[in-house]
Amino acid sequence: MQQAEILDFLTRFFSTSGCTLLPAENRGQVKVKLSEEMDQLLMNRPFYWHYIKQTGGVPETATLLLRTDEKSEDGELIYFGSPRLHQIFEATKKLAPFVRMYQETGIHSSTALEPWLCINMKISEQCDLKRDRLFSAGLQLINGTLIEGFHEVLANLSLSPKAPDYCYTLSPLITVQSGIKRIEKLIETELQNEPTEWADEAGRRWNRDRMLLDSFYEQKEEKPETYYMEKEALKAQYQPHIAIHLINAGLFYLQSKSFLLGTSTAR
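Residues take numbers from 1 onward in each chain, read along the sequence in its written order. Reporting in this predicted model follows two pLDDT cut-offs: at least 70 for local features of residues, and 80 or more for side-chain atom pairs to be given and counted; totals over whole chains, interfaces and linings ignore these cut-offs and use all residues. Side-chain metrics rest on all non-hydrogen atoms present in the structure, leaving aside hydrogens and water.

**Focus on the pairing of strand S11 (residues 241-254)**
Rule in force here: Pairing between strands is defined by DSSP: at least two bridges between the two strands are required. Strands here mean DSSP runs of E at least two residues long; helices mean DSSP runs of H or I at least four residues long; both are numbered from the N terminus.
Summarising the sheet, strand S5 (residues 98-103) and S11 pair through 5 bridges and their orientation is parallel. Note on S11: the bridge partner recorded for phenylalanine 98 is alanine 249. Where strand S6 (residues 111-126) and S11 come together, 13 bridges link them in antiparallel fashion. Note that in S11 the partner of methionine 121 across the bridge is leucine 246.

**A look at the pairing of strand S7 (residues 130-140)**
Cut-off, in case you're wondering: Here the term buried applies to any residue with accessible area under 20% of the maximum for its type, exposed to any over 50%, and partly exposed to those in between, with areas from a 1.4 Å probe on protein chains only.
Counting buried positions over the 11 residues of S7 gives 8, a clear majority of the element. The turn linking S6 back onto S7 is made up of 3 residues. Where S7 lies against strand S8 (residues 146-148), 3 bridges are found, and the strand directions are antiparallel. Of the residues in S8, the one forming a bridge with leucine 139 is leucine 146. A loop of 5 residues connects S7 with S8, the two strands running antiparallel in sequence, and glycine 144 in this loop sits at a positive phi of about 80°.

**A closer look at the side chain of glutamine 103**
Heads up, the condition is: Polar contacts, as counted here, are pairs of nitrogen or oxygen atoms within 3.5 Å of one another; within protein the pair requires one atom able to donate a hydrogen and one able to accept it, and residues that are adjacent in sequence qualify only if both atoms are side-chain atoms.
With respect to the helices, strands and loops of the structure, glutamine 103 is situated in strand S5. Reaching out from glutamine 103, the side chain makes a polar contact with the backbone nitrogen of glutamine 255 at a distance of 2.8 Å. A distance of 3.1 Å separates the side chain of glutamine 103 from the side chain of serine 258, its partner in a polar contact.

**Here's the deal with the environment of serine 110**
For clarity, the cut-off: Whether two residues are in contact is decided by their heavy atoms: any pair within 4.5 Å suffices.
Topologically, serine 110 is positioned in the loop between S5 and S6. In this structure serine 110 comes out as exposed when scored by relative accessible area, which is 60%. The sequence separation of serine 110 and arginine 210 amounts to 100 residues, and the corresponding C-alpha distance is 68 Å. Non-local contacts of serine 110, meaning those with residues more than four positions away in its chain, are made with Tyr166 and Tyr168.

**Quick look at the sheet that holds strand S1 (residues 20-22)**
Here is the rule: Only the contacting stretch of a helix is used when fitting its axis, a line to C-alpha atoms as for every element, and angles between N-to-C directions run 0 to 180 degrees.
The strand order across the open sheet formed by 4 strands is S1-S2-S3-S4, and the pairing between neighbours is mixed. Taken across any chain shown, the strands that pair with only one partner, and hence form the sheet edges, are S1 and strand S4 (76-77). Where strand S3 (residues 63-67) and S4 come together, 2 bridges link them in parallel fashion. Looking at the pairing, arginine 67 lines up with leucine 77 of S4. The sheet contacts of helix H1 (residues 3-15) involve S1, strand S2 (29-33) and S3, and relative to S2 the element is tilted by about 15°.

**Things to note about the pattern of salt bridges**
Opposite charge on two side chains permits pairing when their charged atoms draw close. Counted only if it meets this: Every case where a carboxyl oxygen of Asp or Glu lies within 4 Å of a side-chain nitrogen of Lys or Arg is listed as a salt bridge.
A complete count under the given rule lists 10 salt bridges for this structure. Salt-bridge contacts for aspartate 128 lead to arginine 205; the nearest nitrogen and oxygen are separated by 2.8 Å. In this pair, aspartate 128 is assigned in the loop between S6 and S7 and arginine 205 in helix H7 (residues 197-216), connecting sequence segments 77 residues apart. Judged by relative accessible area, which is 19%, arginine 205 ranks as buried. Three or more residues joined by partner-sharing salt bridges are found here, namely Glu125, Arg131, Arg133 and Glu194.

**Points about unusual backbone geometry**
Notably, asparagine 44 is not glycine yet its phi reads approximately 55°, a positive angle. Along the chain, asparagine 44 falls in the loop between helix H2 (36-42) and helix H3 (46-55). Owing to a relative accessible area of 66%, asparagine 44 belongs among the exposed residues under this scheme.

**Considering the nonpolar core**
For clarity, the threshold we go by: Residues grouped as a nonpolar core are buried Ala, Val, Leu, Ile, Met, Phe, Trp, Tyr and Cys residues, joined through side-chain atoms within 4.5 Å.
Counting residues in each nonpolar core, the largest one holds 23 residues, and the members touching the most others are Leu10, Phe14, Leu34, Leu42, Leu85 and Ile88. The set of elements that each furnish at least two residues to this core consists of H1, S2, H2, S3 and helix H4 (83-95). Take this core: its biggest share by element is 6 residues, from H1. Among residues more than four places away in sequence, those in contact with isoleucine 88 are Phe9, Leu10, Phe13, Phe14 and Leu42.

Next up, the structure:
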């Protein structure tokens, strides 16, 4: 997930969650006055909100200044894997694990909107090191067109939770369950075809530390229990594995021709 994508995500997240976006001095910043709900989810001040509830006081929500520009010094730096972005992902799952949205076409005549299933996931490659990345895919539920990086497509569209006037929706021919399986198959295929240097390197580090551990106990004919415990701990630390976590998903009714032309990732 690139910094520009993170900025788009933050802007869309706060604007659709009842917060107030404020003018920011730099392009790589998001300044936002949190809603009461967002303040309670993100700012970790339960005693303050308990006090407000007990006294009936007027709450003063926090204002956040977030930045994706590493060279800037103003604001909290947000990057993929940062604690704050992880916190926002968790809030997204609590607020809207599955949404239904419609594209605002601006066309004042009868317009068909096709159903698209979008799934956003976090893929974590883990061993003694860890690398997280965002995977987003969109599947058209009529003809099966599949697009990677679908969150980028949605970021450039005007969306609304209410169906616009003059538009009608087409019924899907592919079920959501079948669509999920197709996207899962895509992820599985891509992961199988990706380079495995990170896992190979972890294996080499595991062999190095295992040999070092063996050298500490080589004079002992009978290994103590601590040897086997340390060996298992090292194995668990270096064992490479991939974890996939759902961030959120949605059904989007879109005018496909407005973004499919020139899309090289369409399948």
